[in-house]
Amino acid sequence: MKKVLTTCTYCGCGCNFYLQVRDGEVVGVYPSKKHPISQGILCVKGWNVHEFINHPARLKTPLVKKNGALVPVGWDEALSVVGEKLNTIRRQTGPDSLGFLSSAKCTNEENYLMMKLARAACGTNNVDHCARLCHASTVAGLALAFGSGAMTNSINEVEDCDVLLITGSNTTEQHPATGNRIIRAYDKGAKIIIADPREIPLAKYAALHMRQRPGTDIALFNGMMKVIVDENLLDKEYIEMRTEGFEEFRKVLARYPLEQVEKITNVPAADIKKAARLYASSKKASIIYSMGITQHTTGTDNVLTLANLVLLTGHVGFPHTGINPLRGQNNVQGACDMGALPNVLSGYQAWANEELRKKFEKAWAIEKLPDKMGLTVVEMINAAAKGELKALYIMGENPMLSDPNITHVEEGLRKLEFLVVQDIFLTETAQLADVVLPGTSFAEKDGTFTNTERRVQRIRKSVDPVGQSLPDWQILQKIAKLLGYKMDYGSPAKIMEEIASVTPIYGGIFYDRLEEFGLQWPCPKREHPGTKFLHREAFSRGKGKFSPIDHLPPAEETDREYPFTLTTGRMYFHFHTGTMTRKTSQLHREHPEGFVEVNPADAKELGIRSGCFVKVITRRGSINIRAQVSTIVPGKTIFIPFHFREAAANILTNDALDPKSKIPEFKVCAAKVEVSQ
Ligand SMILES: Nc1nc2c(c(=O)[nH]1)N[C@H]1C(S)=C(S)[C@@H](COP(=O)(O)OP(=O)(O)OC[C@H]3O[C@@H](n4cnc5c(=O)[nH]c(N)nc54)[C@H](O)[C@@H]3O)O[C@H]1N2
Ligand SMILES: Nc1nc2c(c(=O)[nH]1)N[C@H]1C(S)=C(S)[C@@H](COP(=O)(O)OP(=O)(O)OC[C@H]3O[C@@H](n4cnc5c(=O)[nH]c(N)nc54)[C@H](O)[C@@H]3O)O[C@H]1N2
Ligand code: SF4
Ligand SMILES: [Mo]
């Protein structure tokens, strides 16, 4: 049996494993023992990753819509339709009437080509991807506070922390390898503080679990900071030497006496005090956060509030202490690094900067890069619904299940003149497409993924593509050519050479250096060993910046008609829209269908028993879904995972956006629950 070392295609932890190949088919998986993250361990999704690769439903040929039905065609026919349509639309209504969604499932090289396709070949900055739904607020917030929007530390540093403040991250289920390090830290005596409305599995290990009302994090952490300032637990020297804006920020805290904070958040004042003292008095204290913080209309402000907390206590710029947004998808860090975002080119180089634009114009041999701000994910959908966006090219995303308010998403997608979807399965989104192009999965191509700790790692081809499917980078080259722009790289390694040449943080990243465990950026030069933790002597922006931030309620609050707060998210066994995990028998067997968690007191009041169907209704729509009566959720809060198309959470969610980062408010909306007839 052949074995091929590669990187997991599910979450951002970036475990490495061997795919076992027999007779040209991937038949099994086993973890790399030497790899710093996997260390011989995988989560259940990693162990079963081989199954979807061989699934009979994999796309094997291009499909073109004829008389309302998608029919298999050859590449030549599919490409000629795409070329003709995209060119006609661009000619008639201009490049900004086209939009491109890139993919955090795809490689760095593919994301780089996608943003180059949008900008150089088509001439628009309308390129974005699922980071918008995920950590857009992190990227915006941490860039403001520190100058760089990534995890400040490495996953393995967690193990030797003394205090971990974990908020809005269900780490053992969603980032299992990192969750494993948290439990090891606990075993070594670390104190764990959880701030999460739900009783997540890690709560069992917590010295303190604060169960705030969803959408009240700013008040909660301002309360903690007021205690830290009042009790003189702040790090004065650090504030003086390494930060700015303290005095103005400090004034805000006067508005957060603990009685007031308790009222807003529902967290007892005594717990807030305890959390503040624990966190502030330890040197090796680290914050871990994820979607519970970012997916709010106040997402950027939530992130800035956590940044204030680390600056106030001097808890960043050293090993084992920092602020760590766990990036979700296998390569969402990389898709951002590559500039698959409307406001930046690769390496977070703003196209608004004329000098940088010139650099890229020269490197890409084009006359002029677009200089108009591009649209974000939800904005593209809105523009489509209004008839302003005419064509959308989606690679490796499934917005028909993953975007908020999918009734509206469907309206937008149906209104497009032309929709291309490039995926490995015929997703809910692909079913609406005019042309479907078959990409290959991670097992059938070479490339790199960048994990949540900025580690650029190889994926390696272990089997041949299924049917006529092609690696996404090869498809993108063909599309660029159709738009009159030549892209001709012989291999992903060649693409990486170009990335390194135009992207300072990736300047020293070459395939021959990635053989063993990859490299952590910033890695500016070939000789550079990579960077384990950020902001050692100075912040990327110079001084760390405090921001005065006040609590604001969510866009939609509960009322008499919609008395429940609906929060949405994920679970251990499934990944996102389920395109891969629901086709994996071991995972499907564990959780074949969707559910809504309802607190026992609410269930009693409504006459709901565990296992019965209920109707969950919001101002956007309603779904029928099985109730799971459970103390995991607090009273008057319900939780629905968004993996299941039959009970799609996103029929219900609110598409209100954070004005600063345009992330939608997946984590809070108002709902009512009725027993289904
Ligand atoms: N198994 C599995 N793993 C995954 C994924 C998957 O689909 N399945 N997806 C990957 C991706 S892309 C991502 S982004 C990550 C996401 O990983 P997480 O962010 O850990 O996952 P979520 O379930 O979205 O939300 C995390 C927690 O936020 C809490 N929360 C809800 N509202 C609030 C609030 O107002 N404030 C606070 N502080 N917390 C709140 C929820 O109770 C939940 O426990 O997971 C990655 N890993
Ligand atoms: N209600 C609610 N909604 C949410 C969230 C939430 O917490 N609550 N979280 C949001 C977050 S954080 C995220 S990241 C998004 C995720 O949203 P999406 O990215 O839209 O979800 P996925 O299901 O991961 O879609 C990835 C697609 O890529 C395909 N694919 C896999 N590998 C490849 C490949 O190599 N090439 C190509 N071409 N395709 C491939 C898969 O089949 C799948 O269709 O969902 C968001 N939606
Ligand atoms: S922890 Fe994440 S990277 Fe590791 S095997 Fe599980 S899904 Fe894959
Ligand atoms: Mo995500």
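Before reading on, note that the structure itself is shown above.
Residues numbered from 1 in each chain as written. Chains lettered and ligands numbered in written order. Predicted model: local features only at pLDDT ≥ 70, side-chain atom pairs only at ≥ 80, totals over all residues. Heavy atoms only, no water.

**Q** Provide a residue-level description of the site of ligand 1, including the pertinent values.
**A** Around ligand 1 sit 36 residues in total, of which Gln174, Asp196, Asp217, Arg570 and His574 are the nearest. Lys45 is positioned with one of its side-chain polar atoms (N or O) 3.1 Å from a nitrogen atom of ligand 1. Gly292 is positioned such that a nitrogen or oxygen atom in its backbone is 3.0 Å from a nitrogen atom of ligand 1. Listed by contribution, the elements that provide at least two residues to the shell around ligand 1 are α6 (171–174), α13 (291–294) and β23 (564–569). Residue composition of the shell around ligand 1, grouped by class: 11 nonpolar, 18 polar and seven charged. Mapped onto the domain boundaries, the shell around ligand 1 takes at least three residues apiece from domain 3 (136–326) and domain 4 (564–675). (Near = heavy atom within 4 Å. Polar contact = N/O pair within 3.5 Å; in protein donor to acceptor, adjacent residues only side chain to side chain. Helix = DSSP H or I, 4+ residues; strand = E, 2+ residues; numbered from the N terminus. Nonpolar A, V, L, I, M, F, W, Y, C, P; charged D, E, K, R; others polar. Domains from an automatic or database assignment.)

**Q** Break down the pairing of strand β28 (residues 669–675) for me, with residues and values.
**A** Most of β28 is tucked away, with five of its seven residues classed as buried. When β23 meets β28, the two strands line up antiparallel, connected through three bridges. When the sheet's bridge partners are listed, Leu566 is paired in β28 with Cys669. The sheet contact formed by strand β25 (residues 613–617) and β28 spans four bridges and is antiparallel. (Buried < 20%, exposed > 50% of the residue type's maximum accessible area, 1.4 Å probe, protein only. Pairing = 2+ DSSP bridges.)

**Q** Before we move on, can you summarise the packing of helix α5 (residues 136–145) against helix α14 (residues 299–313) with the specific residues and values?
**A** For the pair α5 and α14, interaxial distance at closest approach is 8 Å and the crossing angle is 40°. With respect to α14, the axis of α5 lies oblique. The two elements α5 and α14 meet at a crossing, and its hand is right-handed. Here Ser137, Thr138, Ala140, Gly141, Leu142, Leu144 and Ala145 of α5 come into contact with α14, specifically with Gly299, Thr300, Val303, Leu304 and Ala307. Residues of the contact of α5 with α14, tallied by class, amount to seven nonpolar, five polar and no charged. (Axes fitted to C-alpha atoms, helices over the stretch in contact; angles between N-to-C directions. Parallel < 35°, antiparallel > 145°, perpendicular 65-115°, else oblique. Left-handed = near helix turned anticlockwise from the far one by under 90°. Contact = heavy atoms within 4.5 Å.)

**Q** Got a sec to walk through the sheet that holds strand β20 (residues 455–459)? Specific residues and values, please.
**A** Spatially, the three strands line up as an open sheet ordered β19-β20-β21, and their pairing is antiparallel. Since the sheet does not close on itself, it has two edges, and those belong to β19 (447–450) and β21 (519–520), each with one partner. Here β20 runs beside β21; their pairing, made up of two bridges, is antiparallel. Looking at the pairing, Arg455 lines up with Gln520 of β21. Along the sheet, helix α4 (residues 108–122) contacts β19 and β20; its crossing angle with β19, the most-contacted strand, is approximately 90°.

**Q** Talk me through the site of ligand 3; I want residue IDs and the actual numbers.
**A** Taken together, the neighbourhood of ligand 3 is formed by Cys8, Tyr10, Cys11, Gly14, Cys15, Leu42, Cys43, Lys45, Gly46, Pro176 and Ala177. For the shell around ligand 3, the secondary-structure elements that each account for two or more residues are α1 (44–47) and α7 (176–187). Classifying every residue of the shell around ligand 3 by side-chain character gives eight nonpolar, two polar and one charged.

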